[in-house]
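Residues per chain, in single letters:
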Amino acid sequence: MENIALIESFSEFKDNKSIDRVTLMSILEEVFRAALKRKFGSDDNFDIIINPDKGDLEIWRNRIVVADGMSEDDNEEIELSEARRIEPDFEIGEDVSEEVKLIDLGRRAILALRQNLISKIHEHDSTNIFKQFKDLEGEIYSAEVHHIRHNAVILLDDEGNEIVLPKNEQIRSDFFRKGDTVRGVIKSVELRGNKPSIILSRTAPQFLVKLFEQEIPEVFDGLITIEGVARIPGDKAKIAVDSYDDRIDPVGACVGVKGSRIHGIVRELGNENIDVINFTKNEQLFIARALSPAKVISVDIHKFDENKKGNKKGRVNVLLKPEEVSKAIGRGGVNIRLASELTSYEIDVQREGIEEEDVELTEFSDEIEAWVIQEFKKIGLDTAKSILEKDVSMLVQRTDLEEETVLDVQRILREEFED
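Figured I'd write up the structure that's included with this text. Keep in mind the model is a prediction, meaning the values are calculated, not measured. (Residues numbered from 1 in each chain as written. Predicted model: local features only at pLDDT ≥ 70, side-chain atom pairs only at ≥ 80, totals over all residues. Heavy atoms only, no water.)

**A short note on the packing of helix α9 (residues 283-290) against helix α11 (residues 334-343)**
Thought 1: Following both chains from N to C, one finds α9 and α11 inclined at 150 degrees, their axes separated by 9 Å at the closest point. The angle between α9 and α11 falls in the class roughly antiparallel. Regarding α9 and α11, the two cross each other, and that crossing is right-handed. Between α9, through Phe286, Ile287 and Ala290, and α11, the contact on the second element is made entirely by Ala339, Leu342 and Thr343.
Thought 2: Considered class by class, the residues forming the contact of α9 with α11 number five nonpolar, one polar and no charged. (Axes fitted to C-alpha atoms, helices over the stretch in contact; angles between N-to-C directions. Helix = DSSP H or I, 4+ residues; strand = E, 2+ residues; numbered from the N terminus. Parallel < 35°, antiparallel > 145°, perpendicular 65-115°, else oblique. Left-handed = near helix turned anticlockwise from the far one by under 90°. Contact = heavy atoms within 4.5 Å. Nonpolar A, V, L, I, M, F, W, Y, C, P; charged D, E, K, R; others polar.)

**A few points about the environment of isoleucine 27**
Thought 1: Here isoleucine 27 is to be found in helix α2 (residues 21-40).
Thought 2: Separated by 93 residues in sequence, isoleucine 27 and lysine 120 place their C-alpha atoms 6.9 Å apart.

**Quick word on the pairing of strand β15 (residues 345-351)**
Thought 1: Counting buried positions over the seven residues of β15 gives five, a clear majority of the element.
Thought 2: Relative to β15, strand β14 (residues 314-320) runs parallel, the two being bridged by seven bridges. Bridged to valine 316 within β15 is isoleucine 347. (Buried < 20%, exposed > 50% of the residue type's maximum accessible area, 1.4 Å probe, protein only. Pairing = 2+ DSSP bridges.)

**A look at the pattern of salt bridges**
Thought 1: Following the criterion strictly, the structure yields 27 salt bridges and no others.
Thought 2: Among the salt bridges present, the one from glutamate 169 reaches lysine 187, with a minimum N-O distance of 2.6 Å. Taken together, the residues span a long stretch of sequence, with glutamate 169 in the loop between β7 (162-166) and β8 (181-192) and lysine 187 in strand β8 at a distance of 18 residues.
Thought 3: Assessed through its relative accessible area of 46%, lysine 187 is described here as partly exposed.
Thought 4: Note that glutamate 375 and lysine 378 form a salt bridge whose closest N and O atoms lie 3.3 Å from each other. You can see glutamate 375 and its partner lysine 378 sitting in helix α12 (residues 370-378), three residues apart, about one turn around the helix. (Salt bridge = Lys/Arg side-chain N within 4 Å of Asp/Glu carboxyl O.)

**Looking at the environment of valine 145**
Thought 1: Along the polypeptide, valine 145 turns up in strand β5 (residues 140-148).
Thought 2: Apart from residues lying up to four places away in sequence, valine 145 is in contact with Val153, Ile154, Leu155, Phe176, Arg177, Lys178, Gly179, Asp180 and Val182.

**What about helix α10 (residues 322-329)?**
A turn of α-helix holds 3.6 residues, and therefore any two residues three or four places apart point the same way.
Thought 1: Along α10, the positions that sit buried rather than exposed are Glu324, Val325, Ala328 and Ile329. For α10, the buried positions fall inside an angular range of 130 degrees around the axis, keeping them on one side.
Thought 2: In the core, the buried residues of α10 are packed alongside β14, α11, β15 and α12.
Thought 3: Looking one or two residues beyond α10, the residue adopting positive phi is glycine 330, at roughly 80 degrees. (Arc of directions from axis to C-beta.)

**Some thoughts on the sheet that holds β15**
Either a parallel or an antiparallel arrangement is found when strands of a sheet pair, and the pairing is made through backbone hydrogen bonds.
Thought 1: Within the open sheet, the three strands sit side by side as β13-β14-β15. Their pairing is mixed. Both edges of this open sheet fall to β13 (296-303) and β15, since each of them pairs with a single strand only. Sheet twist, expressed as the average angle between the axes of neighbouring strands with direction ignored, equals 20 degrees.
Thought 2: Sitting on the sheet, α9 touches β13, β14 and β15, and the angle it makes with β13 is about 125 degrees.

**Comments concerning the sheet that holds strand β11 (residues 236-243)**
Thought 1: Ordered by their spatial adjacency, three strands build an open sheet running β10-β11-β12, and the pairing between neighbours is mixed. Of all strands in the sheet, those with a lone pairing partner are β10 (224-232) and β12 (273-278), marking the two edges. Mean inter-strand twist for the sheet, computed between neighbouring axes without regard to direction, equals 20 degrees.
Thought 2: Two elements, β11 and β12, share six bridges in a ladder whose sense is parallel. What sits directly across from alanine 237, in β12, is isoleucine 274.
Thought 3: Sitting on the sheet, helix α5 (residues 205-215) is in contact with β10, β11 and β12, with an inclination near 140 degrees to β10.
Thought 4: Set on the sheet, α9 makes contact with β11 and β12; between it and β12 the angle comes to about 160 degrees.

Spelled out as structure tokens, the structure:
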């Protein structure tokens, strides 16, 4: 049998562990039936017998014997004289099975057939890989750095699957060399053409959750639950934990003695500062805990109307002693931003004991733009006098404001007191 090209194709693919024997036979039959349909117009009257282990293939065409000159379809009918050249005792109306040699398809058809086979095998592999990784979305995965581009790191796993770690999914302090093993969560898996696109992330909140599951046995076993996560990757994170067993201290169990349990997670995340917070359904208490390390005096919650769009449940006024304000806000506003994200409330910090002649900065919203007010609030300055008491150069240094803007704000505030 002229099946050299087919045997070569089998030798390449029969040992592929991702393709079982039944699937391989199905792909082969599909490819050959397509070739027969192109050659003869129909494949309905063909039997294909495949032995993929040996590379053997038999194709049989079945036709009905008709009288000479009466054939209307050469593919499904054979004239009597031609049938008797195969077997001399054939009669009209009988079925004739005749083997079709691969060479009968033509050299060009055989080359196209082999290319189609390769394409189908790759398509099958891609579909399997897509399904495999789609089931792993949100799970931790490890792979090795293969090469580094300016906008992404390309990783290969043990099976040779390509995984992409984009620049915006990397922690700011991440630095990789070829051969390094990288961990992250599978963020998304998509089929682009016939090739799966697998995206890894180290910045997703889910990565922190999965690291806790790996490193803290009580979290893995479900004795401690994670109720919320807020992250600024590589900088700071807040994670709320709870336990249904009163005998377990969820915060203590997660942190460990002298931080022994959480240290590995912090190191994995580029020394990201992680606040572990005891979750409670008491929203006032939870908001106060979320603003740690600041100590809160009182929390006043104003819930939004249900029809109000957005992901925040309401606005909160938090009262603190003056020395606690900067702790609540944090460097660059990081602490209050994470607390707001974790609790789903917009948080406004207010200083206890504002002098009667002092005025809150929000009172000047008609004259000072909201984003400028927010810049001052980020560094704990929320009243007129708190800004007037500060040196201009210091305010420029600690905010993203120009000197001209700071001077203009101080002029507006000063006029208020002069009046």
